[in-house]
Structures are given as structure tokens and as C-alpha cells.
Amino acid sequence: MGAVSEASRVMVASRNYADFANEATFEMKKCDLHRLEEGPSTTAVMTREEGLQYYKTMQTIRRMELKADQLYKQKIIRGFCHLYDGQEACCVGIEAAIKPTDHVITAYRAHGFTYTRGVPVREILTELTGRKGGCAKGKGGSMHMYTKNFYGGNGIVGAQVPLGAGIALACKYFGKNEICLTLYGDGAANQGQIFETFNMAALWKLPCIFICENNRYGMGTSVERAAASTDYYRRGDFIPGLRVDGMDVLCVREATKFAAEHCRSGKGPIVMELQTYRYHGHSMSDPGISYRTREEIQEVRSKSDPITLLKDRMVNNNLASIEELKDIDVAVRKEIEEAAQFATTDPEPPLEELCQHIYFNEPPFEVRGPNQWISYKSTS
């Protein structure tokens, strides 16, 4: 009976597949511009395949973050933990517009970018629980995850911005037509080191997209209380800028394509402000409702949720069916549950590995422990 029902389900799916449109064109909100004569297109073409991929990726990040919330409350995840739910359109739209050989560096709200850059959910959740199978071998935790061409996850507010300019300088030096996307939040936007970096990047015409993820609150302080000017896309002054709807994955994708082309053509850096929103508090220690109301959060969820927006577009334009998207939801939840199971049973790294991997490709050396009688060996 099970085999028959499965066969009939496949037949229905294959029959319905021919009924879907291959692609559709969508209108998007116009970007605000600074020192630019023209900006990204206000229309975007999305194929059915792209839409399904964006939907699955955003839904995976959403479910992964909700699972991290659950594991934190069970005290299985400890320490700092900054969740990304609500902001999924930013990392997914950005990754859809760049090449795997391009470079990304961000702040401590890094789980979404870690996933879009290619780290599996299992390795992310296992890193969060501090186990051997994590992407940083259990030593990095929430704020320090890395993979090829992804430089973290950085815990010091704003400090990743000058590092990103350094990566962009390397891109220019090696001449491979690569760019660096350097992300920071509205809370970090008032840091002096960011303005110093803007100056150097403009002088040297570095291929760097400076991206401010403006989620309206720096910790518990609203942007209006923290910044004399909340036009973060204008903050580069002499650097061109864009303000983008960060809740629309297509708007983010098209704006990032525009910004990437600007950098690759030798025009130097560009600033991009993504107007977005986080559903959780600043970190897991912040309930997120002492400085904003539950009604505000619910209004954003009901009117601007990035996953719902994409889902409605796909269904209304015959790119997918409700049933098909529900099947994706079921598969995603199953993947998250299996990853969480592994993350809670994988062993912790042994103490003798504490000082390994300090340097890359260096000969082994001794590292002093908590006192002079204890030492550890560090190998690359």
C-alpha cells in the first residue's frame, strides 16, 4: 500500500510539474541612492528552480535558529548566541548574487552566512554545542565559524570592517577579479574604525561592498536613539551608497549584483544598507521585548516576513504549489532534527587538542597552560 501511494504521489508531482511556469518577473521597491546616477533594476526575473532554492535555504536557516533557541534554553548551547531569524533574505540574496570565489566577513550574528557559504547545518549546530564535529572543531562557538572564503564570525563590534578592507586589498593585489563583502550592524555603524576604513578603501579603490544590516536596534537601543543620522547608506560620504529592502530576497539579490559589478569594474568601494529586522532579541540573554513591543514584532512578521513574501510570490505566479512548499518544510524539519541529534551526542574535543590549529601550516610548538608546569602541543 505504501509503495502504491508513493508511486501515485510521484505521478501527481510529475504531472503538476508541467503545469508550473519556468520563471516570472517581479516588481521590487526602488532603492534609495547616494552619489549614484542610476541604481539596480526595479524588476527581477526569478526562475522556478531559483525560487525553490531560496525558499529551502531561508526555511533551513529559520528552523536552524529556532532549534538553536531550544537547545540554548535546555542549556545544551552555552555562552554568546545571536540568532538570525527574520534576516534570512539578506544572506540568501547576497549569496545568490556573488561567486563562491568571492569573500565574506561578518559580525557575530553569523549562523546564516555560515550556512549560505557552504557549511552544513549539522556542523553549525555541532559547533554551537561545542563538539568535535563542529565547523571550528568545537572551539569557536556561535561567533567564530569559518569556511573557505568566509572569515567569520567576529566578536569585537565593528572590528571585522578593517579586516574586510584588508581582504579586499588582497583581492586587488592578486588581480583575480574577486571582491569582499564586509558586513556590520547599525549598532557598529558609529564606530570610528569604520570611517577610517571607508577612507582607506576609497583612496585605494578597494573592491569592497560595505554592508550595513540595519535591523533597527543595536542591542536594546533603537537607531533613532543611537544615531544622529540613520541614513547609513550615506555614511560613506565620498563612497556611493544604496538603501535596500532587506526583507525581499530578490531586492537584495539585484542590489548585490549591482554593487558587485560596481566593485569589479574598478570604481572602488560601495556602501549598501539592508533594512531588515530580527525576531529574537540581540542575543539569547535578551528577551527582546523590553525596548520594543510584542505588537511591533508581530506586525513585521505579518507584513514583511521574507519567507512568507517569497512563498506568496511563488504560489501567486504559478512557480510552486502550497503542497510542494509544505513538502520542503517537512524535509527541512527532518534535516534539522537529525542535525540536532548529532550535535547533542557528538563527543567534546579532548583537552590535549585545546591549543591545536593556532597557526596554519606551521611546525608544532609548545603552548604554556594555566601554569608553567602544564603545556600543550600546537599542531597546524
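Residues numbered from 1 in each chain as written. Predicted model: local features only at pLDDT ≥ 70, side-chain atom pairs only at ≥ 80, totals over all residues. Heavy atoms only, no water.

A. Molecular detail of the layout of surface pockets. Taken as a whole, the largest pocket encloses approximately 340 Å³ of empty space. Forming the boundary of the largest pocket are 24 residues, of which Tyr 108, Gly 185, Asp 186, Gly 187 and Ala 188 lie nearest the centre. When contributions to the lining of the largest pocket are tallied by element, the ones reaching two or more residues are β5 (180–185), β7 (217–218) and α8 (223–226). (1 Å grid on protein atoms, 1.4 Å probe; cavity = no way out; pocket = protein on both sides within 12 Å on 5 of 7 lines; lining within 4 Å. Points joined across faces, edges and corners; volume = space filled by probe spheres on them. Helix = DSSP H or I, 4+ residues; strand = E, 2+ residues; numbered from the N terminus.)

B. Just the side chain of Arg 292, in detail. Position of Arg 292 among the secondary structure elements: in the loop between β10 (270–275) and α10 (294–304). We note that Arg 292 is buried and unpaired, the nearest opposite charge coming from Glu 296 at a distance of 5.1 Å. Of the polar contacts made by the side chain of Arg 292, one reaches the backbone oxygen of His 280; its length is 2.8 Å. Engagement of the side chain of Arg 292 in a polar contact is seen with the backbone oxygen of Gly 288, the distance being 2.7 Å. (Buried < 20%, exposed > 50% of the residue type's maximum accessible area, 1.4 Å probe, protein only. Lys, Arg positive; Asp, Glu negative; His and termini not counted. Salt bridge = Lys/Arg side-chain N within 4 Å of Asp/Glu carboxyl O. Polar contact = N/O pair within 3.5 Å; in protein donor to acceptor, adjacent residues only side chain to side chain.)

C. A look at the pattern of salt bridges. Counted under the stated rule, the structure contains 17 salt bridges. A salt bridge links Asp 305 to Arg 62, with the shortest nitrogen-to-oxygen separation between them at 2.9 Å. Of the two residues, Asp 305 is situated in the loop between α10 and α11 (306–316) and Arg 62 in helix α2 (residues 48–73); the sequence distance between them amounts to 243 residues. Side by side, Asp 305 and Arg 62 carry an identical accessibility label, which is buried. With a shortest N-O distance of 2.9 Å, Asp 231 and Arg 243 are connected by a salt bridge. With Asp 231 in the loop between α8 and β9 (241–245) and Arg 243 in strand β9, the pair connects residues that are 12 residues apart, well separated along the chain. Among the charged side chains, a network of salt bridges with common partners joins Asp 32, Asp 231, Arg 234 and Arg 243.

D. Highlighting α11. Along α11, the positions that sit buried rather than exposed are Pro 306, Ile 307, Leu 310, Arg 313 and Met 314. Projected onto a plane normal to the axis of α11, the buried residues spread over an arc of 130 degrees and lie on a single side. Buried residues in α11 make contact with β1 (23–27), β3 (43–47), α2, α3 (88–97), α9 (249–264) and α10. At the N-terminal end of α11, a side-chain oxygen is found 3.1 Å from the backbone nitrogen of Ile 307, two or three residues along, and the residue is Asp 305. Immediately beyond the C-terminal end of α11, within one or two residues, lies Asn 318, with a positive phi of roughly 60 degrees. (Arc of directions from axis to C-beta. Contact = heavy atoms within 4.5 Å.)

E. Representation of the sheet that holds β10. Strand order in this open sheet of six strands is β2-β9-β10-β6-β5-β4, and the pairing throughout is mixed. The open sheet has two free edges, formed respectively by β2 (32–34) and β4 (103–105), since each of these has just one partner strand. Shown here is a sheet whose adjacent strand axes are inclined to one another by a mean of 20 degrees, direction ignored. Two elements, β9 and β10, share five bridges in a ladder whose sense is parallel. (Pairing = 2+ DSSP bridges. Axes fitted to C-alpha atoms, helices over the stretch in contact; angles between N-to-C directions.)

F. The packing of α2 against helix α12 (residues 322–345), seen in detail. Two elements in contact, α2 and α12, have axes separated by 9 Å at closest approach and are oriented at 40 degrees. What the angle tells us is that α2 and α12 run oblique. Of the two elements, α2 crosses α12, and the hand of that crossing is right-handed. Only Glu 324, Leu 325, Ile 328, Asp 329, Val 332, Arg 333, Glu 335, Ile 336, Glu 337, Ala 340 and Thr 344 of α12 make contact with α2, whose side of the interface consists of Arg 48, Leu 52, Tyr 55, Lys 56, Gln 59, Thr 60, Arg 63, Met 64, Lys 67 and Leu 71. (Parallel < 35°, antiparallel > 145°, perpendicular 65-115°, else oblique. Left-handed = near helix turned anticlockwise from the far one by under 90°.)

G. Representation of α2 within the structure. Its 26 residues place the ends of α2 38 Å apart at the C-alpha level, agreeing with the 38 Å of an ideal helix rising 1.5 Å per residue. At the exit of α2 stands Lys 75, carrying a positive phi of roughly 65 degrees. (Expected span 1.5 Å × (residues − 1).)

H. Layout of the nonpolar core. Ranked by internal contacts, the top residues of the largest apolar core, which has 68 residues, are Ile 94, Ile 209, Val 244 and Met 272. Core analysis: the next-biggest nonpolar cluster, separate from the first, contains 22 residues, Ile 167, Tyr 184, Ile 194 and Cys 208 among them. (Core = buried A, V, L, I, M, F, W, Y, C linked by side-chain atoms within 4.5 Å.)

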